[in-house]
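Commentary on secondary and tertiary structure
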Amino acid sequence: MEGEKKPLSFIERMKQQAMSQKPYGGEIKQEEAQISTRTCPNCGAGRALRDDLTECAYCGFEFMDTTLDEGIFINTKNQ
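Note that the structure is predicted; figures quoted are calculated from it, not measured.

1. Some points on the overall build of the chain
- Each helix and strand in the chain was counted, giving one helix and two strands.
- Counting helices and strands in the order they occur from the N terminus, the chain gives α-β-β.
- Out of the 79 residues belonging to the chain, those deemed buried represent 6%.
- With an accessible surface of roughly 8300 Å², the chain has 51% of that area assigned to carbon and sulfur atoms.

2. As for a nonpolar patch on the surface
- Together, Phe 10, Ile 11 and Met 14 give the surface a local cluster of nonpolar side chains, amounting to about 320 Å² of exposed area.
- Secondary-structure assignment places Ile 11 in helix 1 (residues 10-20).

3. Details of the nonpolar core
- The biggest cluster of nonpolar side chains holds five residues, and these are Cys 40, Ala 45, Leu 53, Cys 56 and Phe 63.
- Discounting chain neighbours no more than four positions away, the residues touching Leu 53 are Arg 38, Arg 47, Ala 48, Phe 63 and Met 64.

4. Describing the environment of Leu 8
- Here Leu 8 lies in the segment before helix 1.
- Excluding residues within four positions of it along the chain, Leu 8 makes contact with Arg 13 and Gln 16.

5. Quick notes on the confidence of the model for the chain
- The predicted model of the chain has a mean per-residue pLDDT of 79, with 77% of residues at 70 or higher.
- At the level of individual helices and strands, the chain shows its lowest average pLDDT in strand 2 (residues 46-48), which scores 80, and its highest in helix 1, which scores 91.

6. Some details on the environment of Cys 56
- Considering the arrangement of structural elements, one finds Cys 56 in the segment after strand 2.
- For the pair Cys 56 and Ala 45, spaced eleven residues apart in the sequence, the C-alpha separation amounts to 7.9 Å.
- In contact with Cys 56, not counting residues within four places along its chain, are Cys 40, Cys 43, Ala 45, Arg 47, Phe 61 and Phe 63.

The rules we used
Residues numbered from 1 in each chain as written. Predicted model: local features only at pLDDT ≥ 70, side-chain atom pairs only at ≥ 80, totals over all residues. Heavy atoms only, no water. Helix = DSSP H or I, 4+ residues; strand = E, 2+ residues; numbered from the N terminus. Buried < 20%, exposed > 50% of the residue type's maximum accessible area, 1.4 Å probe, protein only. Areas by Shrake-Rupley, 256 points an atom, 1.4 Å probe, with all protein chains shown as cover. Patch = residues over 30% accessible without salt bridge, like charges linked within 9 Å, V, L, I, M, F, W, Y side chains within 5 Å. Salt bridge = Lys/Arg side-chain N within 4 Å of Asp/Glu carboxyl O. Core = buried A, V, L, I, M, F, W, Y, C linked by side-chain atoms within 4.5 Å. Contact = heavy atoms within 4.5 Å. pLDDT = per-residue confidence, 0-100.

Dropping the structure here:
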C-alpha cells in the first residue's frame, strides 16, 4: 500500500496546472516609468509629446507652420 499513489483531486490538479502555466503574451518586461514631453522654446512650458501638437497653449508659439495645398484628397476645384 505504501507504493501506491493516491490520485490527485480535481482541485489539486487545477493548482498544479495553474502553477505550471506561462504568462499569457510572454514574459513581462520590467521598464522604468517615463513620460514623453516637449518643452516650448519660447516660454519653457512643458507639454505631453503628441504628434499633432502645433502650437503652445500658454504663449501661442507655433511648433509647426503647416499649410494645406492641392493634394489627392484636398481639392478646391470639386467644391
